[in-house]
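Observations on the three-dimensional arrangement
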Amino acid sequence: MINRVTHQSVQRSTLANLQLNLSTMADLQAKMSSGKKINVPSDDPAGASDMLRLRGEQRVQNQYKRNADDGNAWLTTIDSALQTSSTTLRRVRDLVVQSGSGAMNTPAREAIAVEIEGLRDELLQQANTTYLGRTVFAGTSDAGVAFTVDSTTTPPTYSFTGAGSATVERRVADATTIRVDADGAKIYGDGAQSVFALLDTIAATLRTPGGDATAQLNTLDSRFETVLTELAAVGARQTRVINAQTNLAESAQTTKTQLSAIEDIDLAEIILQLGMQEVAYQGALGAAAKVLQPSLMDYLR
Amino acid sequence: MSTFSGLGTALSSLIAQRQALEVTGQNIANANTVGYTRQRAALSSLPAAQLPSMFSTTNGPGYGTAVTDIARLNDVFLDAQVRTTTASSSYLGARAAASKLLETNIGEPAATGLATQLTDLWAAFQDVANTPNKESSRAVLLETAAAVGDRIATLYTAAGTQWTQARTQTASLVEKANTAAANIADLNKRILAVENSGSSANELKDQRDLLVTELSGLVGATTRTQENGQIDVLVGGNMMVDGSKARSLAVTGAAGFSDATGGADVQVVWAADTSRSAGLEGGQVAGLLSVLAPPAAGGTGGMLTEAAASYDKLATQLATQVNALHGQALTTAGAPGGDFFAFEAGRPAALGLTVAFDDPALVAVAAPGAGALDGSFADKIGQLGAAVDGPDAAWSAFVVQLGVSTGSAVSRATAAEATRASAAAQQVAQTSVDTDEETVNMLAYQRAYEGAARVMSAIDEMLDTLINRTGIVGR
């Protein structure tokens, strides 16, 4: 159908076109000023879903990073405690070996016994090392110390406060948790079997005239061995945490890039589109001015 | 053919051209009047008086001209097309507007939406898993959880507010439709009276057409023209305007959002018999009714009540999944955890979702037998965020579904609006006044008037010769 054309229909269609041009321009300007392609889900439902997922991932990765940092601090604390413990135990061993020489008289043996008792207290302190108020060797315990000492008995009794097999874990990835505490009972022993009781026994033996403390060397060595083994295990776990931190930093970068690709505008493209739209709008305005001006009245006397 | 009949012929032309010029004047005066349909004076020549008798002879040319009708140059098919397209465009437009508002209200995918708050909640659980001994991280967890509850409640309330507004709008639009129908009936009456008296009712018809189009946009009206020129307006197959009688519509059914979520629908019925539904098929009111509909199986109900059902489901899912884990865990003091989230009795799940306690010490995250400061259950709860059947996945699915349905609603509405605009443009092209055309007509009528006047003076001169200069030879 060929339409009849009147001033009113020209005016209306011109107005409609101008409106269309202007709204496209407003759209582009909104994108330009917000810097975002997707402002409501219907702008791009699939993109919006990706955005939600990536934003969630970003938040989760952030949390995993916090977890890993915290785990790293735990493991560093354990590492330094175990290093000190191994030095202490080495000193104990030296003293025990020294006491074995026949030249020792009673005051000298007494002096060694006192030093060993001092070293025992040091060791106990190391076993009770805390990080942010948590004992690192009895992770889930709320007793405040990993080993309690009952000095009312002779020799004193030592008991481990940790709960069975409970471990402290930090989640560093969706499917990965890393243990960040160490089992105090395994490292230092519990009750009469503990390294503290052992040191008490050594001190008592030294105070007993004719007592031979070197008989305990084997037991002492096996404790020393245990500490070293645990030290290696803690080191390995710390490496895993550090690897996880690196991975998290990388994937955070990837997620950021992906998110940006989905939600951020391509500035060059938008600027170009805006420029083209401006030209179109100006053209439309010019055309409107030309079309609406003339009337037959101008040409009649 | 009498001596003076030529004067009569010229006079008939003078009268007719003047009337035609007046019609042109009316057209130009209404060049910008909305709904005005251009008119044209229909001139026809008057035949010579012919008496079919035995000795009748032809007695010369006809007796001039006369305006037999002032025609209204509309096109009923274009008018019908405008009405149909207006009805469907208004229907889809109402749905698209509601969908867009709902979409804006959910506030996604902004960085402050519910999705972010949910991930914050899981992160807060992870923090408690890291430091179960710190009351501060537990307190943060409780606040974050309360914020999630508040957010879901806000979403629910927003849907409720939108429902109430749509309900109010429906009532006022139905009122508007009733007024329009009453006005159409009144115009029908006046048009019949005017035309019976032999005058032209073109301007009244313009008004009536405008009202019918408005009524189509509101309730999807179709029309039927009676033989006497009155029009009947049918809504959903029943007469809303029958000649000079109008029938009213009324809104019944669910009055509040809680009625609608409970399964009651809002209905538009005939005021005279409220048990009969009007069965609206198009128009803004029908669009709003579909928005106001109660939830239906398969998510095909009204968008607002469906959204509310989704919020309820999300709140229940969140509470059930978190409570299931929290209930197994122990507090630092060794007491069983119980429920983490609770619902206020007698309210929709989404509105009543709260944290069951305010004492941070009651947050239970320790596995039984694993030591007081164990945090493994907090970690397990924190993993719900990544679960395929977790609240996050459900929320994301809802957002995407809403985005898709809004996108399709908007594009359907845009297409329908384009069709309506093109029909309206065709109608305007047919009915609007073209000033150039009117100028030309004006010129033609003016010249014809001048010509008729010239004929009259020619006859006058002829008669002058006959009467005053005949038989005066030699005087």
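Residues numbered from 1 in each chain as written. Chains lettered and ligands numbered in written order. Predicted model: local features only at pLDDT ≥ 70, side-chain atom pairs only at ≥ 80, totals over all residues. Heavy atoms only, no water.

1. Description of the interface of chain A and chain B
What counts is decided by this rule: Residues count as neighbours in contact if any of their non-hydrogen atoms are within 4.5 Å of one another. By buried area we mean the combined loss of accessible area, with a 1.4 Å probe, across both parts when two parts are placed together. The salt bridge definition used is simple: a Lys or Arg side-chain nitrogen within 4 Å of an Asp or Glu carboxyl oxygen. Here a polar contact is recorded for every N or O atom pair within 3.5 Å, except that within protein the pair must consist of a potential hydrogen donor and a potential acceptor, and residues adjacent in sequence are included only if both atoms are side-chain atoms. Segments assigned H or I by DSSP are reported as helices when at least four residues long, segments assigned E as strands when at least two residues long, and all are numbered from the N terminus.
The interface is formed by 47 residues belonging to chain A together with 51 residues belonging to chain B. Summing both partners gives a buried area of about 3,900 Å² for chain A against chain B, and 54% of it is carried by carbon and sulfur. The shortest N-O distance in the salt bridge between A:R59 and B:D120 comes to 2.5 Å. Remark: the boundary between chain A and chain B carries 22 residue pairs in polar contact (both at pLDDT 80 or more). Of all the secondary-structure elements, those providing two or more residues to the side of chain A that touches chain B are α1 (7-34), α2 (45-99) and β5 (169-173) of chain A.

2. Remarks on the environment of A:T88
Residue and element names in this part refer to chain A. Position of T88 among the secondary structure elements: in helix α2. Counting along the chain gives 20 residues from T88 to A108, while the straight-line C-alpha distance between them is 20 Å. Look past the residues within four positions of T88 in its chain and what remains in contact with it is L119, E122, L123 and Q126.

3. Topic: the domain arrangement of chain A
Here is the rule we go by: Each domain span listed reflects an automatic or database assignment of domains.
Structurally, chain A comprises domain 1 (52-257) and domain 2 (266-301). Distance from the C-alpha centre of domain 1 of chain A to the C-alpha centre of domain 2 of chain A: 81 Å.

4. So, the sheet that holds strand β7 (residues 249-253) of chain B
Residues and elements named next belong to chain B. Test applied: Here, strands pair whenever DSSP counts at least two bridges between them. Each axis is a line fitted through C-alpha atoms, and for a helix only the stretch in contact is used; angles between axes span 0 to 180 degrees, taken between their N-to-C directions.
The three strands lie next to each other as β7-β8-β9, forming an open sheet whose pairing is antiparallel. The open sheet has two edge strands with one neighbour each: β7 and β9 (273-277). Taken over all neighbouring pairs, the strand axes of this sheet differ in orientation by 50 degrees on average, direction set aside. Of the pairings in the sheet, the one linking β7 to strand β8 (residues 266-270) comprises five bridges and is antiparallel in character. Bridge pairing in β8 links A250 to V269. Docked against the sheet, helix α4 (residues 135-196) engages β7 and β8, running at close to 155 degrees with respect to β7.

5. With respect to the confidence of the model for chain B
The condition is simple: What pLDDT expresses is the predictor's confidence in each residue, scored from 0 to 100.
Overall, the prediction assigns chain B a mean pLDDT of 91, with 98% of residues at 70 or greater. Among the scores for the predicted complex, ipTM is 0.84 and pTM is 0.85.

6. Re the packing of aromatic side chains
The condition that has to hold: Two aromatic rings, drawn from Phe, Tyr or Trp (for Trp, its six-membered ring), form a pair once their centres lie within 6.5 Å of each other, and the interplanar angle then sorts them: stacked below 30 degrees, edge-to-face above 60, tilted otherwise. Three labels apply to residues, based on accessible area from a 1.4 Å probe with only protein chains included: buried if under 20% of the type maximum, exposed if over 50%, partly exposed otherwise in between. Remark: a charge is flagged as sitting over a ring if the NZ atom of Lys or the CZ atom of Arg is within 6 Å of the ring centre and within 35 degrees of the ring normal.
Scanning the entire structure with this criterion turns up 16 aromatic pairs over all chains. Considering the side-chain rings of A:Y188 and A:F196, the 5.8 Å spacing of their centres and the 20 degrees angle between planes classify their relative orientation as stacked. The class for A:Y188 is buried, based on a relative accessible area of 1%. Its relative accessible area of 0% is what places A:F196 among the buried residues. Each member of the aromatic cluster is reached from another via a ring pair, and the members are A:F137, A:F147, A:Y158, A:F160, A:Y188 and A:F196. Across from the ring centre of B:F377, 4.3 Å away, lies the NZ or CZ of B:K380, which sits over that ring.

7. Some details on the layout of surface pockets
Short version of the rule: Grid points spaced at 1 Å and placed over the protein atoms alone form the basis of the search, with a cavity being a set where a 1.4 Å probe fits but cannot get out and a pocket an open set showing protein on both sides within 12 Å along at least five of seven lines. Lining residues have an atom within 4 Å of a point. Grid points are joined across faces, edges and corners, and a volume is the space filled by probe spheres set on the points.
In this structure, the largest pocket occupies an estimated 990 Å³ of space. In terms of lining residues, the largest pocket is bounded by 38 residues, among which A:R12, B:R420, B:A421, B:A424 and B:A425 are the most central. Among the elements that make up the lining of the largest pocket, the one with the highest residue count is helix α11 (residues 391-431) of chain B (12 residues). Counting residues domain by domain, the lining of the largest pocket receives three or more from each of domain 1 (3-73 + 433-468) and domain 2 (79-105 + 162-302) of chain B.

8. Topic: the nonpolar core
Note the cut-off: Here, the term nonpolar core denotes a set of buried Ala, Val, Leu, Ile, Met, Phe, Trp, Tyr and Cys residues that are joined through side-chain atoms within 4.5 Å.
The biggest cluster of nonpolar side chains holds 94 residues, and the ones touching the most others in it are B:Y311, B:F340 and B:W395. Looking at which element gives the most residues to this core, the answer is α4(B), with 19 residues. Counting contributing residues, this core receives three or more from each of domain 2 (79-105 + 162-302) and domain 3 (114-155 + 305-399) of chain B. Each residue touching B:Y311, except ones within four places of it in the same chain, is listed here: B:L102, B:I106, B:I152, B:L155, B:Y156, B:A159, B:A350, B:W395 and B:F398. Judged by nonpolar contacts, the second largest core, of 51 residues, contains A:Y64, A:L124, A:A197 and A:L206.

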